[in-house]
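Descriptive analysis of the structure
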Amino acid sequence: MKTLSQQLPDFYEYYENETQFYLRQVQYPQDLALLHKWMHEPHVIPQWQLNKSEIDLAVYFEKMLADDHHRLLIVGVDGQDVGYTEIYEGKRDRLGRYYDGDDLDLGWHLLFGEKSAFGKGYLRPVMRLLGFYIFENAPSDKIVGEPDHTVKPYAAVVEEMCYEAQRLIPMPEKTAMLYYCFKQKFYGKFGRYLTDSNAFMQNHNPLNRTEELT
């Protein structure tokens with residue numbers, strides 16, 4: 001029987017303003033060089049602390065890929081891979097030690113590795129992408145998050161994106177803020193984005209255009 005995270009698809013795409021945002025399953029070892037490069041970017045090191053040798057990083061990803069409560073995904077925009085995310089089951093993750101979780105809770109960790117993605121306003125669409133990826137494909141009622149409470153870019157947008165602060169959590173490497181994003185509230189605010197995305201994909205499906213011509 002597949003675990004909650006294993007039920008999630010290997011590929012998912014979503015459109016905002018005719019821009020494609022997608023998630024694809026990490027391909028190992030093909031993506032290792034790209035992930036190694038990103039983990040050594042100065043803006044990534046402080047939060048992820050995975051600036052290891054390629055061999056050590058390979059060991060890390062082999063363990064993560066063998067763990068059935070995670071999904072490892074590459075984030076892309078218009079065909080270009082720009083980041084990495086880990087989807088995890090909140091109650092089975094180490095976060096489960098710090099909060100009273102539900103068996104269906106899912107959470108995510110995210111990094112933008114490509115500097116070319118900076119300053120283009122991708123954070124909010126990618127957060128919507130992650131929300132729809134989870135809520136459309138899993139029976140979860142909420143998404144959980146536990147970022148370092150000092151990370152200002154995240155803190156600046158979480159309330160706007162329907163993530164509600166719960167309390168501070170002292171963890172070994174950081175003091176995290178526990179966030180909940182509830183499905184009902186998320187869809188109440190952003191459901192139209194998914195409707196627009198689905199309509200865009202329907203209208204731009206080559207098979208549909210072929211049917212219209214016949």
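What counts, and where the lines are drawn
- Residues numbered from 1 in each chain as written.
- Predicted model: local features only at pLDDT ≥ 70, side-chain atom pairs only at ≥ 80, totals over all residues.
- Heavy atoms only, no water.
- pLDDT = per-residue confidence, 0-100.
- Contact = heavy atoms within 4.5 Å.
- Helix = DSSP H or I, 4+ residues; strand = E, 2+ residues; numbered from the N terminus.
- Expected span 1.5 Å × (residues − 1).
- Buried < 20%, exposed > 50% of the residue type's maximum accessible area, 1.4 Å probe, protein only.
- Core = buried A, V, L, I, M, F, W, Y, C linked by side-chain atoms within 4.5 Å.
- Polar contact = N/O pair within 3.5 Å; in protein donor to acceptor, adjacent residues only side chain to side chain.
- Pairing = 2+ DSSP bridges.
- Axes fitted to C-alpha atoms, helices over the stretch in contact; angles between N-to-C directions.
- Right-handed = clockwise from strand over helix to strand, strands pointing away.
- Salt bridge = Lys/Arg side-chain N within 4 Å of Asp/Glu carboxyl O.

So, on to the confidence of the model for the protein chain. Mean pLDDT for the protein chain: 93, with 95% of residues reaching 70 or above. Long-range and interchain partners of residues 209–214, a stretch whose pLDDT sits below 50, account for 2 contacts in this model, where long-range means more than four residues apart.

The next subject is helix α4 (residues 123–137). Its 15 residues give α4 an end-to-end C-alpha distance of 21 Å, which sits within 8% of 21 Å, the value for a rise of 1.5 Å per residue. Taken across its 15 residues, α4 has 11 buried, putting it largely inside the fold. Within the sequence span of α4, burial applies to P125, V126, M127, R128, L129, L130, G131, F132, Y133, I134 and F135.

With that settled, the discussion passes to the nonpolar core. In globular proteins that are soluble, nonpolar side chains generally tend to be buried together. Judged by nonpolar contacts, the single largest core of 39 residues is most densely connected at I87, W108, Y133, I134 and Y163. With 8 residues, the single largest contributor to this core is α4. Residues contacting I134, with those up to four places away along its chain left out, are L8, I87, L106, W108, S140 and I143. Residues V26, L32, L72 and Y84 belong to the second largest nonpolar core, which totals 16 residues.

Looking now at the side chain of E16. Relative to the helices and strands, E16 is located in strand β1 (residues 11–16). Its relative accessible area of 9% is what places E16 among the buried residues. Polar side-chain contacts of E16 include one of 2.6 Å to the side chain of Y14.

Let's shift gears to the environment of L8. Mapped onto the elements of the fold, L8 is located in the segment before β1. Aside from chain neighbours lying at most four places away, what touches L8 is R71, I87, L106, Y133, I134, N137 and A138.

This part takes up the sheet that holds strand β3 (residues 70–77). Taken together, the 8 strands give an open sheet; going across it, the order is β1-β2-β3-β4-β5-β6-β8-β7, and neighbouring strands pair in mixed fashion. Looking at strand neighbours, the two that pair on one side only are β1 and β7 (163–171), the edges of this open sheet. Recorded for the sheet is a direction-independent mean angle of 25° between the axes of neighbouring strands. Summarising the sheet, strand β4 (residues 80–89) and strand β5 (residues 106–112) pair through 7 bridges and their orientation is antiparallel. In the sheet register, E89 faces β5, and the bridge partner there is L106. Strands in contact with α4 are β1, β2 (19–25), β3, β4, β5, β6 (142–145), β7 and β8 (174–182); relative to β1, the strand with the most contacts, it is inclined by about 130°. Strands in contact with helix α6 (residues 183–203) are β1, β7 and β8; relative to β1, the strand with the most contacts, it is inclined by about 90°.

Judged by which residues are buried, β6 turns out to be covered on both faces: K142 and V144 on one side and I143 and G145 on the other are all buried. Taken together, β5, α4 and β6 constitute a β-α-β crossover, and its handedness is right-handed. The sheet contact formed by β6 and β8 spans 4 bridges and is antiparallel. Bridge pairing links G145 to Y179 in β8.

Mapping R97 onto the fold places it in the loop between β4 and β5. A residue is classified by how much of its surface remains accessible, and R97, at 73% relative accessible area, is exposed. Between the C-alpha atom of R97 and that of M127, which follows or precedes it by 30 residues, the distance is 25 Å.

A few words now on the pattern of salt bridges. A complete count under the given rule lists 14 salt bridges for this structure. The salt bridge involving E16 is made with R128; its shortest N-O contact spans 2.5 Å. With E16 in strand β1 and R128 in helix α4, this pair connects stretches of sequence that are 112 residues apart. The salt bridge partner of R24 is D31, with a shortest N-O separation of 2.9 Å.

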